[in-house]
Each structure stands twice: as structure tokens, then as C-alpha cells.
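Structural overview
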Amino acid sequence: MPDFEPVLLANVNKPDSHTLSVYEAGGGYSALRKVLKGMSPTEVIDQVKAAGLRGRGGAGFPTGVKWGFLPPNHPGPIYMCINADESEPATFNNRILMEQDPHQVLEGTMIACYATKATTAYIYVRYEYPTAYKRLQMAIDECYAKNMLGNKILGSDFNLNIYLHRGAAAYICGEETGLIESLEGKRAWPRIKPPFPAVEGAFRKPTVVNNPETVANVPHIINRGVDWYKSIGVPSTGPRDPGSYGPKLYCVSGHVNKPGCYEAPMGITCRELIENQGGGVWKGRKVKMAVPGGISMGLLTEKELDIKLDFAGPGTVGCLGLGTAAVTVMDETVSIVDYLHNCCRFFAHESCGQCTPCREGTSWSERIMHRIKAGKGRFKDLDILLNISESIGIMPGTTICGLADGAAWPMKNAVKKFRGEFEDYIRRTNPAGFMEEHAVEALELVGIAGH
Ligand SMILES: Cc1cc2nc3c(=O)[nH]c(=O)nc-3n(C[C@H](O)[C@H](O)[C@H](O)COP(=O)(O)O)c2cc1C
Ligand code: SF4
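Please read these numbers as outputs of a predicted model, since none were measured by experiment.

**Some words on the pairing of strand β9 (residues 287–291)**
Looking along a regular strand, one sees the side chains alternate between the two faces of the sheet. Among the 5 residues in β9, 5 count as buried, and that is most of the element. Looking at chain direction, β9 and strand β11 (residues 326–331) are connected through 4 bridges and run antiparallel. Bridge pairing in β11 places V291 opposite T328. As paired elements, β9 and strand β10 (residues 300–301) share 2 bridges and run antiparallel to each other. Counted as the bridge partner of M289 is T301 from β10.

Set out below in C-alpha cells:
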């Protein structure tokens, strides 16, 4: 792999990295100036499209293509929502960007707004991120003071206001239409699509929703060009894969010696990330399994750690995708039962409850996992979990949003990849009943009625 020069985290360890003067001293806002001086919005969109930038928020949708979905010649207003809700477990790359280098996020937001003709941007910041909120507001204030926000920015015809919106502290607020509902002051219930936000989003106007890391890539694409961007990462592997280009922020957490947020070329393998950036598994132990990109993406076994962490890699071993590229490492002492129990608890708690398959499926699986953990499991519970995981989500077409798909993948992967360990646990903890054929009263058995 050629030498890799980090750009997204280039400022991060400098003293006062969050200030305008430090950002500008490192070349910050030169992309904005370049765009305002000599590029049309269409040229910016074309450059982002040609670079192959794909969204970093989880779904990997091509960013330039998304911007191109806005209705042409719309009288406005057009809104930009920056999705900094960042609630996927173990994901903190956007927190690092917003706390340590908020101007990079702002410059990306400004160029994204210029390209899409948005005149108002909202940055929806996770409720639990007070420092990010404070630093972003300081950065926004600095920009207004220097005519880098407001009317006729830097003497051009570009007008833009950026507002922060504090999140409502729920995972579902990160789903783009849930975010829009929350921004409008309502509970964050995702909307049925279509219409997609590009046509009818915030306040029923055309809206783009992008992740902070996604827009943070844009100034670098403008400054360094398409060839540079495409020299990093993994080219397309087939007609259904547009490729995975550019630098990526990977979060590494769990049982490693050096947990943290690391920038690497898209496509680093999970094993490289754990061994090199993460400093290896702690206490001299071995990896048992790892989450590839937030728990909603599923689970990798030790043997699967050589897959590339790009948009296509995790799918080759039965995971949902790259997700947020947040890798959680679990050593050999972790029980698969505990892992899945915690995943199921999370999704049951966070389901917004609008769709029956998600509401019932997540709470049913949570109760089954409670029962297994409490020593009342049956082999057939594993098939029920698989059955639930095949029946909920956008993919089987039963729910409004992707939370249910996210709930399904840990179940699918854990039960399929670690079935033997589940069966051992059930046999050991419930020797009398593990083969039981008839339904048992789950709630009564473990005394959690009313849970
Ligand atoms: C339940 C759920 C939670 C999500 N949470 C986030 C989040 O915290 N941040 C984020 O950027 N995207 C999140 N997404 C994805 C967004 O819906 C959307 O695809 C993304 O913000 C688009 O930005 P991008 O194209 O720049 O990736 C979530 C999706 C789902 C289904
Ligand atoms: S899939 Fe789940 S979280 Fe998403 S809208 Fe339906 S009930 Fe709510």
C-alpha cells in the first residue's frame, strides 16, 4: 500500500486545533475560497461525483448522486442537515472531528450548501456531545465575524446560515427522516419514503442529509482533486459496487491495547486495524469476534478478520455492510450469549414502535435472550431468533426504516456463526428443558413479567 497521509485528522493534535486561526494556518478554507471564486455548483457536484465519495453515515450512498436528486431550479429554500447524532454504539469519529476540528466540518458543510444551493444548514448534534456543541458554536461565531457565514460570503453571491440543533437523545434521531421530524420539534418517528428528503424533507422542502465525516471529505476533494482521492481506497469490485474511495475514520474499541479513532485508507483489513492501529488484543489474549461497523452491521469471527473494511468487504462474510466503521473487539472471554443479549436489549429499547414487526420483533428477541441468559433457553429459541431476524426490516419490506435491519444482523450472524456455543450454553444451563418442544411462558419463567 502506498504511503498514506492523513488529511481528516491532520489538525487534531495541534494546540487549539478547534480555532479558525489554526485551521486557516493549515490551509483551511482554501477550498471554500476556490469554489466561490471559480466553480459553479454543478462543477462542484460533478467533482464530488467523479471522486466517488460515498456517505460515511452508514449506508454508503454516493454523495454527489444524492445532491443531484434535488429538484432542478427549485425556488427554495433548500435545506442541508448535517447528521451529527452519532448514536451507533462504539462510534465516535464525528465527535473527534467536531470537538477537535469543527472548522473542517463547517467548510465541508459550506461547500455542500453551495453545491446544492442550500441557504440554511442545520447541524443536528447528539445530545450527549456538549463539547462538540460548544466548539461548533464557537467556530460558527468566528465565521460570522469574518463574513464566512451570513450574506455575500467572502464577497460572493453565496448566502448561508448555519444553526446548531441539540439532538433528542435517542438512536432513532439519527435516521434521516427521524432527524428531520425531531428538527421540526416532533418526536423522531421516521417517515415513510417516498417522498425522499431530496424532494420533501425539512419543513416539507428539498433537503439533503449528510454525515459530518462525509462533508469533511469535500474540501480535500476540491483542493487535491479527483485523481488523488481515487488513488486511495478500493476500486469497484463489480457492477453493483461503485468502489470505496478516499480516507476513512475507523473507531477501534473494546479489548485492544490502544482504543481510538484512526484515519486509514478505505479498505484496510479488520485484522490490520486491530493489530497495527489498535495495538493488538489486550492482556495477551486472542480475538474471539469483532463488530465490523457498529453493532447493526453484524459480527465477524476471528477467521473473518482479513476482510477489507470497505463498503463491499463486510457483505462478503454475511454482514450488513461497513456501517459507521466502528470496530469493537471482543476477546476470548466474552460470551456470545452476553453479546447478543446486549444487542437485543439495545434495539428493543431504541425501536420507535411505529412498525409492528420492529416493535414486536425487537422486544420478543430481547425476551428470548433474557430467557436464554437466565438458564431457561431451548434449542428452538435459536430458530425463533433466526426467524425473527429474517422477518423484520426494510429488506424483507416490513418496516419504515433501517433500525429493524440493524437489529436483525447481530441475531443472524451470532446464531449462524456461533450456534455451537449457544447450544452448549443452553445445554449447560437448562439440562432439563433444552429440547422442550412446546412454547413456554417466557415472562413467567424468568420472572420478568412487566419488563
Ligand atoms: C436507526 C438509524 C440510525 C442512524 N443514525 C445515524 C447517525 O447517527 N448518523 C448518520 O450520519 N447517519 C445515521 N443513519 C443513516 C442516515 O439515515 C443517513 O443515511 C445518513 O445520515 C446520510 O448521510 P451520508 O449520506 O453522508 O452517509 C442512521 C440510520 C438508521 C436507520
Ligand atoms: S423500523 Fe422500527 S425504528 Fe424504524 S420506524 Fe419502524 S418501528 Fe420505528
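**Points about the site of ligand 2**
In the vicinity of ligand 2, the contacting residues are I172, P190, S351, C352, G353, Q354, C355, C358, T399, I400, C401 and L403. Of the residues assigned to the shell around ligand 2, the class counts are 8 nonpolar, 4 polar and no charged.

**Regarding the sheet that holds strand β8 (residues 260–265)**
The strand order across the open sheet built from 5 strands is β8-β7-β11-β9-β10, with neighbouring strands paired in mixed fashion. The open sheet has two free edges, formed respectively by β8 and β10, since each of these has just one partner strand. Relative to β11, strand β7 (residues 247–254) is paired through 4 bridges, and the arrangement is parallel. Bridge pairing links C251 to A326 in β11.

**Section: the environment of A216**
Along the chain, A216 falls in helix α9 (residues 212–230). C-alpha of A216 to C-alpha of I111: the two residues are 105 residues apart in sequence and 9.8 Å apart in space. The residues touching A216, leaving out its near neighbours within four places in the chain, are L8, L97 and Q104.

**What to know about the packing of helix α6 (residues 102–116) against helix α7 (residues 130–145)**
At a minimum axis distance of 9 Å, the contact between α6 and α7 shows a crossing angle of 60°. Here α7 runs oblique to α6, going by the angle between their axes. Handedness of the crossing formed by α6 with α7: right-handed. Together, P102, H103, L106 and M110 of α6 and R135, L136, A139, I140, E142 and C143 of α7 make up the contact between the two elements. Its residues assigned to classes, the contact of α6 with α7 shows 7 nonpolar, 1 polar and 2 charged.

**Concerning the environment of M369**
Counting through the fold element by element, M369 comes out in helix α12 (residues 356–376). Overall, M369 belongs to the buried group, its relative accessible area being 0%. With 16 residues separating them along the chain, M369 and L385 place their C-alpha atoms 8.9 Å apart.

**Section: the confidence of the model for the protein chain**
Averaged over every residue, the pLDDT of the protein chain is 95; residues scoring 70 or more account for 96%. Confidence drops under pLDDT 50 across residues 441–451; counting only partners more than four residues distant or on other chains, this segment forms 15 contacts.

**Notes on the site of ligand 1**
As a structural note, the neighbourhood of ligand 1 is formed by 18 residues, with G57, K66, N83, N211 and T214 the closest of them. Between an oxygen atom of ligand 1 and a main-chain N or O atom of E86, the distance comes to 2.9 Å. Measuring from an oxygen atom of ligand 1, one finds a backbone N or O atom of E176 at 3.0 Å. Within the complex, 88% of the 610 Å² of free accessible area of ligand 1 lies under protein. Along the lines of polarity and charge, the residues of the shell around ligand 1 split into 3 nonpolar, 9 polar and 6 charged.

**Some points on the side chain of S296**
Among the structural elements, S296 can be located in the loop between β9 and β10. Residue S296 is classed as buried on the basis of its relative accessible area of 6%. In this structure S296 touches E88, Y171, L320, F347, D405, G406 and W409, once residues within four positions along its chain are discounted.

**Re the pairing of β8**
Across the 6 residues that make up β8, a large majority, 6, are buried. By the alternation rule, side chains of β8 split into G260, Y262 and A264 and C261, E263 and P265, which are all buried. As paired strands, β7 and β8 are joined by 6 bridges and run antiparallel to one another. Bridging from a neighbouring strand, V252 pairs with G260 of β8. Connecting β7 to the antiparallel partner β8 that follows it, the hairpin turn spans 5 residues.

Parameters at a glance
- Sequence order as written defines the numbering, with residues in each chain counted from 1.
- The lettering of chains begins at A and the numbering of ligands begins at 1, in the order of writing.
- This being a predicted model, a pLDDT of at least 70 is required before a residue's local features are given, and a value of 80 or more before pairs of side-chain atoms are given or counted; all residues contribute to the totals for chains, interfaces and linings.
- To obtain the side-chain values, all non-hydrogen atoms of the structure were used and water was disregarded.
- For every residue, the accessible area obtained with a 1.4 Å probe (protein chains only) is divided by the maximum for its type, and the residue is called buried under 20%, exposed over 50%, and partly exposed between those limits.
- Per the convention used, a helix needs a DSSP run of H or I reaching at least four residues, while a strand needs a run of E reaching at least two, with both numbered from the N terminus.
- Paired strands, as defined in this entry, are two strands with at least two bridges between them according to DSSP.
- Throughout this document, a residue counts as near a molecule or strand when at least one of its heavy atoms sits within 4 Å of that molecule or strand.
- All amino acids are sorted into three groups, where Ala, Val, Leu, Ile, Met, Phe, Trp, Tyr, Cys and Pro are nonpolar, Asp, Glu, Lys and Arg are charged, and the leftover types, Gly among them, are polar.
- What makes two residues a contact is simply this: any of their non-hydrogen atoms within 4.5 Å.
- To obtain each axis, a line is fitted to C-alpha atoms, and for helices this fit is confined to the stretch in contact; angles are then taken between N-to-C directions over 0 to 180 degrees.
- Small angles under 35 degrees read as roughly parallel and large ones over 145 as roughly antiparallel, with 65 to 115 read as roughly perpendicular and the rest as oblique.
- Take the far helix as your reference; a near helix turned counterclockwise from it by less than a right angle gives a left-handed crossing, and one turned clockwise gives a right-handed crossing.
- The predictor attaches a confidence to each residue, called pLDDT, with possible values from 0 through 100.
- Definition of a polar contact: a pair of N or O atoms within 3.5 Å, with one able to donate and the other able to accept a hydrogen when the atoms are protein atoms, and with sequence-neighbouring residues admitted only if both atoms are side-chain atoms.
- Residue exposure ignores everything except the shown protein chains as possible cover, and the areas themselves are Shrake-Rupley values with a 1.4 Å probe.

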